[in-house]
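# Chains, contacts and geometry: an overview
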Amino acid sequence: MQYVARLTTALAAAGALVLTTPTGAHAGAIGSTPVRTFEYSVGGVTMKVPTGCMFTHIIRGSGSKITYQNAGVDCAFVGALSSGFCNWRIDFTYADTNNRPYRTSRGKTHSECKIDPMRNNSPQTLPRYGKACAHLYVNGVRRVSQCHHITK
């Protein structure tokens, strides 16, 4: 009797999967890159960013349509004890499959110091496949980047 019940349940589940209408494909990517230790000067004061920080870039969407994009820094251990990142901005750039940049979404430069700078970008449809990158600038200098390939 248990065999018949299991068989009936398995067949019903398989039938439900076959009859379910397909939905659109969705894709996403998350990647993190370590922020290397560096020093910079703000108002004559030397600031040091120690190890322990990661720059993370997240994309959600389907095909060339991006429905959500975010990038930011998370710090732990000694990195979380630092004064953070001053005069920072996050840019999003897009390049075609030949690595030729065709669009940049430049972020606002924030004069305050933050241990966890973050930026969201607007949903959009890209005109070409290739790659999408996020870049963290501190005091006008690019310090770290993280990229994802956008493919069919």
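These numbers come from a predicted model, not from an experiment. (Residues numbered from 1 in each chain as written. Predicted model: local features only at pLDDT ≥ 70, side-chain atom pairs only at ≥ 80, totals over all residues. Heavy atoms only, no water.)

## With respect to the overall build of the protein
Scanning the protein from terminus to terminus reveals one helix and 11 strands. The 152 residues of the protein split such that 36% are buried. In the protein, the proportion of contacts linking residues at least 24 apart, taken out of those at least 6 apart, comes to 61%. Carbon together with sulfur atoms contributes 57% to the accessible area of the protein, which is approximately 9400 Å² in total. (Helix = DSSP H or I, 4+ residues; strand = E, 2+ residues; numbered from the N terminus. Buried < 20%, exposed > 50% of the residue type's maximum accessible area, 1.4 Å probe, protein only. Contact = heavy atoms within 4.5 Å. Areas by Shrake-Rupley, 256 points an atom, 1.4 Å probe, with all protein chains shown as cover.)

## Focus: the confidence of the model for the protein
For the protein, the mean per-residue pLDDT works out to 83, and 79% of the residues sit at or above 70. Across residues 1-25, where pLDDT falls below 50, the model places one contact with residues more than four positions away in sequence or in other chains. (pLDDT = per-residue confidence, 0-100.)

## Brief notes about the sheet that holds strand β11 (residues 141-150)
In sheet architecture, strand pairing relies on hydrogen bonds along the backbone and comes in two forms, parallel and antiparallel. Across the sheet, which stays open at both edges, the four strands sit in the order β7-β6-β10-β11 with antiparallel pairing between neighbours. Of all the strands in the sheet, just β7 (101-105) and β11 have a single pairing partner and so form its edges. Across this sheet, the average inter-strand angle for adjacent strands is 20°, counted without regard to direction. (Pairing = 2+ DSSP bridges. Axes fitted to C-alpha atoms, helices over the stretch in contact; angles between N-to-C directions.)

## Structural notes on the packing of aromatic side chains
Following the criterion strictly, the structure yields two aromatic pairs and no others. An aromatic cluster is built from Phe38, Tyr40 and Phe85, whose rings are joined through pairwise contacts. Looking at Arg89, its charged tip hangs above the ring of Tyr137, at a distance of 4.0 Å from the centre. Over the ring of Tyr102 we find Arg128, and its NZ or CZ is 4.6 Å from the ring centre. (Phe/Tyr/Trp six-rings, centres within 6.5 Å; stacked < 30°, edge-to-face > 60°. Lys NZ or Arg CZ within 6 Å of the ring centre and 35° of its normal.)

## Observations concerning the pairing of strand β10 (residues 130-138)
Where burial is concerned, most of β10 is hidden: eight out of the nine residues are buried. Sheet topology note: the strand β6 (residues 88-96)/β10 ladder contains nine bridges and is antiparallel. If you follow Ala95 over to β10, its bridge partner there is Lys131. Pairing geometry for β10 and β11, over nine bridges, is antiparallel. Looking across to β11, one finds that Lys131 is bridged to His149. Connecting β10 to the antiparallel partner β11 that follows it, the hairpin turn spans two residues, and Asn139 within it adopts a positive phi of roughly 55°.

## Quick look at the nonpolar core
Counting 24 residues, the largest nonpolar core has Val35, Phe38, Tyr40, Phe55, Phe85, Ile90 and Leu136 as its most contacted members. Mapped onto this core, the elements with two or more residues apiece are β2 (38-42), β3 (45-49), β4 (53-62), β5 (65-75), β6, β10 and β11. Non-local contacts of Phe38, meaning those with residues more than four positions away in its chain, are made with Met47, Lys48, Val49, Phe85, Val138 and Arg143. (Core = buried A, V, L, I, M, F, W, Y, C linked by side-chain atoms within 4.5 Å.)

## A closer look at the pattern of salt bridges
Inspection of every chain in the model, using the stated rule, returns two salt bridges. Among the ionic pairs, Asp91 bridges to Arg89, the shortest N-O distance being 3.0 Å. Each member of the pair Asp91 and Arg89 is classed as buried. Among the salt bridges present, the one from Asp96 reaches Arg100, with a minimum N-O distance of 3.3 Å. With a relative accessible area of 12%, Asp96 lands in the buried category. (Salt bridge = Lys/Arg side-chain N within 4 Å of Asp/Glu carboxyl O.)

## Observations regarding unusual backbone geometry
In the Ramachandran plot, Asn99 falls in the positive-phi region, its phi being about 65° despite a non-glycine side chain. Here Asn99 shows up in the loop between β6 and β7.

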